[in-house]
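# A structural walkthrough
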Amino acid sequence: MPKETLSIVVLISGSGSNLQALIDALAAQSINAEIKAVLSNKADAFGLERARKAGIPGLFIDHTAFSDRLGFDQAMINTIDPYHPDIIVLAGFMRILSNEFVDHYAGRLINIHPSLLPDFKGLNTHQRALDAGHKKHGASVHFVSNELDGGPVIAQIEVPVEEHDTAETLRLKVIKQEHIIYPRVIQWFAEHRLRLQGQHIYFDHKLLEKPLLLNSLPASQTV
Ligand code: GRF
């Protein structure tokens, strides 16, 4: 019997290159998942164009039209829930979410962050990695908790920080890897291999002691 298709709603605020990577991966690879809708809090987010071009509903809710965070988050919930998503994928969504929103989607809300968490939560991660003299930088995919960039980390991918790197060259190196790691994690969801229980991640029914490091996996291995 074929497994049910994983339903995804993606939240964006900007360019949506991670959204594009996911759209492309779903088209090219045998990932049993479908993006039901893309929701942006910015009317001019280029990611909305990408969604529409791919035949996915591109929705806009203006956060400035709400007097408080909860009002906006409730409007998002009301918009998202009719799609019955199995997971909500944050891909450059630049709003802090209320505890109510996070709790509503507990265990099915994930984010990608451009650092090796727990290092460099928040903004300007590439410059901060340079300033701190780190030799390794990268990206993390994590479950979203009520602490900013603080939920359990599913997977990470590393890039070396080189002598000549600037914040921009590092950003480019990292985002290239983001486009690999995010579709891969979503594939694991589609294969029912990931589960959050409390603050613990189970991968293939085994407790994940530390984030999966994608660099260390041979290219042939389809974890
Ligand atoms: C990425 O760097 C992601 O890690 C961060 O926001 C950026 C989004 O880029 N959360 P894009 O909109 O996917 O191009």
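Structure: see above.
Procedures and definitions
Residues numbered from 1 in each chain as written. Predicted model: local features only at pLDDT ≥ 70, side-chain atom pairs only at ≥ 80, totals over all residues. Heavy atoms only, no water. Phe/Tyr/Trp six-rings, centres within 6.5 Å; stacked < 30°, edge-to-face > 60°. Lys NZ or Arg CZ within 6 Å of the ring centre and 35° of its normal. Buried < 20%, exposed > 50% of the residue type's maximum accessible area, 1.4 Å probe, protein only. Helix = DSSP H or I, 4+ residues; strand = E, 2+ residues; numbered from the N terminus. Pairing = 2+ DSSP bridges. Right-handed = clockwise from strand over helix to strand, strands pointing away. Near = heavy atom within 4 Å. Polar contact = N/O pair within 3.5 Å; in protein donor to acceptor, adjacent residues only side chain to side chain. Areas by Shrake-Rupley, 256 points an atom, 1.4 Å probe, with all protein chains shown as cover. Nonpolar A, V, L, I, M, F, W, Y, C, P; charged D, E, K, R; others polar. Core = buried A, V, L, I, M, F, W, Y, C linked by side-chain atoms within 4.5 Å. Contact = heavy atoms within 4.5 Å. Arc of directions from axis to C-beta. Axes fitted to C-alpha atoms, helices over the stretch in contact; angles between N-to-C directions. Parallel < 35°, antiparallel > 145°, perpendicular 65-115°, else oblique. Left-handed = near helix turned anticlockwise from the far one by under 90°.

## A closer look at the packing of aromatic side chains
This model, assessed by the stated rule, comprises 4 aromatic pairs. Between Phe66 and Phe72 the ring centres are 5.9 Å apart and the planes differ by 55 degrees, which places this aromatic pair in the tilted class. One residue, Arg195, lies across the ring of Tyr202, its end atom 5.0 Å from the ring centre.

## Notes on the pairing of strand β9 (residues 200–203)
Taking every second residue as pointing to the same face, the buried face of β9 carries Ile201 and Phe203, while none of His200 and Tyr202 on the other face is buried. For strand β8 (residues 194–197) and β9, the ladder comprises 4 bridges, and the chain directions are antiparallel. By the bridge assignment for β9, Leu194 is matched with Phe203. Once β8 ends, the chain turns through 2 residues before running back antiparallel as β9, passing Gly198 with a positive phi of about 60 degrees. Sheet topology note: the β9/strand β10 (residues 206–207) ladder contains 2 bridges and is antiparallel. Bridging from a neighbouring strand, Phe203 pairs with Lys206 of β10. In this structure, the hairpin formed by β9 and β10 is closed by a connection of 2 residues, where Asp204 is found at a positive phi of approximately 50 degrees.

## Concerning the pairing of strand β5 (residues 109–113)
Counting buried positions over the 5 residues of β5 gives 5, a clear majority of the element. Residues of β5 alternate between two faces, with Leu109, Asn111 and His113 on one and Ile110 and Ile112 on the opposite face, all of them buried. Sheet analysis places strand β4 (residues 87–90) next to β5, joined by 3 bridges and oriented parallel. If you follow Leu90 over to β5, its bridge partner there is Asn111. At this point the chain moves from β4, through helix α4 (residues 99–104), to the parallel β5, and the crossover so formed is right-handed. The pairing of β5 with strand β6 (residues 136–143) spans 4 bridges and is antiparallel. Bridge pairing links His113 to Ser140 in β6.

## Thoughts on the site of the ligand
Taken together, Ser15, Gly16, Ser17, Asn18, Gly92, Ile112, His113, Pro114, Ile175 and Glu178 make up all the residues around the ligand. In the environment of the ligand, an oxygen atom lies 3.3 Å from a nitrogen or oxygen atom belonging to the side chain of Ser15. One of the backbone nitrogen or oxygen atoms of Asn18 is found 2.8 Å away from an oxygen atom of the ligand. Protein contacts shield 82% of the accessible area of the ligand, which totals 370 Å² for the unbound molecule. Looking at the shell around the ligand, the elements with two or more residues in it are α1 (17–28), β5 and α6 (167–190). Residue classes in the shell around the ligand are distributed as 3 nonpolar, 6 polar and 1 charged.

## Describing the nonpolar core
With 45 residues, the main nonpolar core has Ile8, Val10, Ile35, Ile110 and Ile154 as its most contacted residues. In terms of residue count, the dominant contributor to this core is α6 (9 residues). Once residues lying within four places of it in the same chain are set aside, the contact partners of Val10 are Leu19, Leu22, Ile35, Ala37, Val38, Leu39, Val89 and Ala91. Core analysis: the second largest hydrophobic core is formed by 19 residues, Leu39, Met76, Ile88 and Leu97 among them.

## Considerations on the sheet that holds β10
Judged by pairing direction, the sheet is antiparallel, and its 3 strands sit side by side in the order β8-β9-β10 without closing on themselves. In this open sheet, the two edge strands, each paired with only one partner strand, are β8 and β10.

## Digging into helix α2 (residues 46–53)
Those residues of α2 lying buried are Gly47, Leu48, Arg50 and Ala51. Along the axis of α2, the buried residues cluster in a sector spanning 160 degrees; they form a single face. Looking one or two places after α2, you find Gly55, whose phi comes out positive at around 75 degrees.

## Observations regarding the packing of α1 against α6
At a minimum axis distance of 9 Å, the contact between α1 and α6 shows a crossing angle of 50 degrees. One way to sum up the angle between α1 and α6 is to call them oblique. At the point where α1 passes α6, the crossing takes the right-handed sense. Counting all contacts with α1, which are made through Ser17, Asn18, Ala21, Leu22 and Ala25, the residues of α6 involved are Ile175, Glu178, His179, Tyr182, Pro183 and Ile186. Taken together, the residues of the contact of α1 with α6 break down into 7 nonpolar, 3 polar and 1 charged.

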